[in-house]
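Given next are the chains, with one letter for each unit.
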Amino acid sequence: MKEEIKKILGMMEEGKLDSEEATALIQALQEKEVVETKVAEPDYLKKLLKIRISDQEDKVNVNLPLRLVKVALQSGLDIAAKLPESAKYVEGIDKVDVDLILEAIENEAEGQIVDITGGDGEQVSIVIE
């Protein structure tokens, strides 16, 4: 963009453009750069947290937007911290590593973050895509 601005300023010095035309062109270049930057940057929180659970009889597939997951987990942890002995009210909550999922989101991890196979053939997979 610096080269384009130099060219515009050079054209102004040569009398091919007046100051208003040069200003308008420079502003248009700057706006174009802002738009291109926004389009080029992938928004990580638009990705999905995909949870796959299966055993010999059942399959469960859940796709959740990371933005929703992050807010829900943070809110849930805040609420749980205020409830005495909150773990005893939700069966199996002590087996879920919520901090691992939040850390993966904070570090913009992609791909598989959890892969568990139980003794009876149950499989749990959590993937960010």
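The rules behind the values
- Residues take numbers from 1 onward in each chain, read along the sequence in its written order.
- Per-residue local features are limited, in this predicted model, to residues with pLDDT of at least 70; the limit for side-chain atom pairs, both in listing and counting, is 80 or more; totals at the level of whole chains, interfaces and linings are taken over all residues.
- To get the side-chain values, all heavy atoms of the structure are used, and hydrogens and water are removed first.
- Exposure above 30% relative accessible area and the absence of a salt bridge qualify a residue for a patch, where like charges join within 9 Å and nonpolar side chains (Val, Leu, Ile, Met, Phe, Trp, Tyr) within 5 Å.
- The accessible surface values rely on the Shrake-Rupley method and a 1.4 Å probe; as for residues, cover is taken only from the protein chains in view.
- For this document, the term salt bridge refers to a Lys or Arg side-chain nitrogen within 4 Å of an Asp or Glu carboxyl oxygen.
- This count recognises Lys and Arg as positive and Asp and Glu as negative, with His and chain-terminal groups excluded.
- Where a charge lies is defined by one atom per residue type, namely NZ (Lys), CZ (Arg), CG (Asp) and CD (Glu).
- Working definition: helices are DSSP H or I runs of at least four residues, strands are E runs of at least two. Numbering for both runs from the N terminus.
- Each residue is assigned to one of three classes by its accessible area relative to the maximum for its type, calculated with a 1.4 Å probe on protein chains only: buried under 20%, partly exposed between the two thresholds, exposed over 50%.
- Any two strands are treated as partners once DSSP identifies two or more bridges connecting them.
- Every angle, taken between N-to-C directions, lies between 0 and 180 degrees, and every axis is a line fitted to C-alpha atoms, over only the stretch in contact when it is a helix.
- In this description, contact between two residues means that some pair of their heavy atoms is separated by no more than 4.5 Å.

Re a negative patch on the surface
- Together, D55, E57, D58, D120 and E122 line one region of the surface with negative charge.
- In this structure, E122 sits in the loop between β3 (111-117) and β4 (123-128).
- Given a relative accessible area of 33%, E122 falls into the partly exposed group.

Here we look at the sheet that holds strand β2 (residues 59-65)
- Here 4 strands make up an open sheet; going across it, the order is β2-β1-β4-β3 and the pairing antiparallel. With one partner strand each, in any of the chains shown, β2 and β3 form the two edges of the open sheet. Direction aside, the axes of adjacent strands within the sheet are offset by 10 degrees on average.
- When β3 meets β4, the two strands line up antiparallel, connected through 6 bridges. By the bridge assignment for β4, V114 is matched with I126.
- Contacting β1 (48-54), β3 and β4, helix α4 (residues 98-106) crosses the sheet at an angle of about 160 degrees to β3.

Quick word on the pattern of salt bridges
- Under the definition given, this model contains 4 salt bridges.
- A salt bridge links E110 to K47, with the nearest nitrogen and oxygen atoms 3.3 Å apart. Pair noted here: E110 is in the loop between α4 and β3 and K47 is in the loop between α2 (19-40) and β1, with a separation of 63 residues, a long-range link.
- In this structure E110 comes out as exposed when scored by relative accessible area, which is 52%.
- A salt bridge links E106 to K70; its shortest N-O distance comes to 2.9 Å. Of the two residues, E106 sits in helix α4 while K70 sits in helix α3 (residues 66-82), which places them 36 residues apart along the sequence.
- A relative accessible area of 47% means that E106 is categorised as partly exposed.

That is the geometry; function is a separate question.
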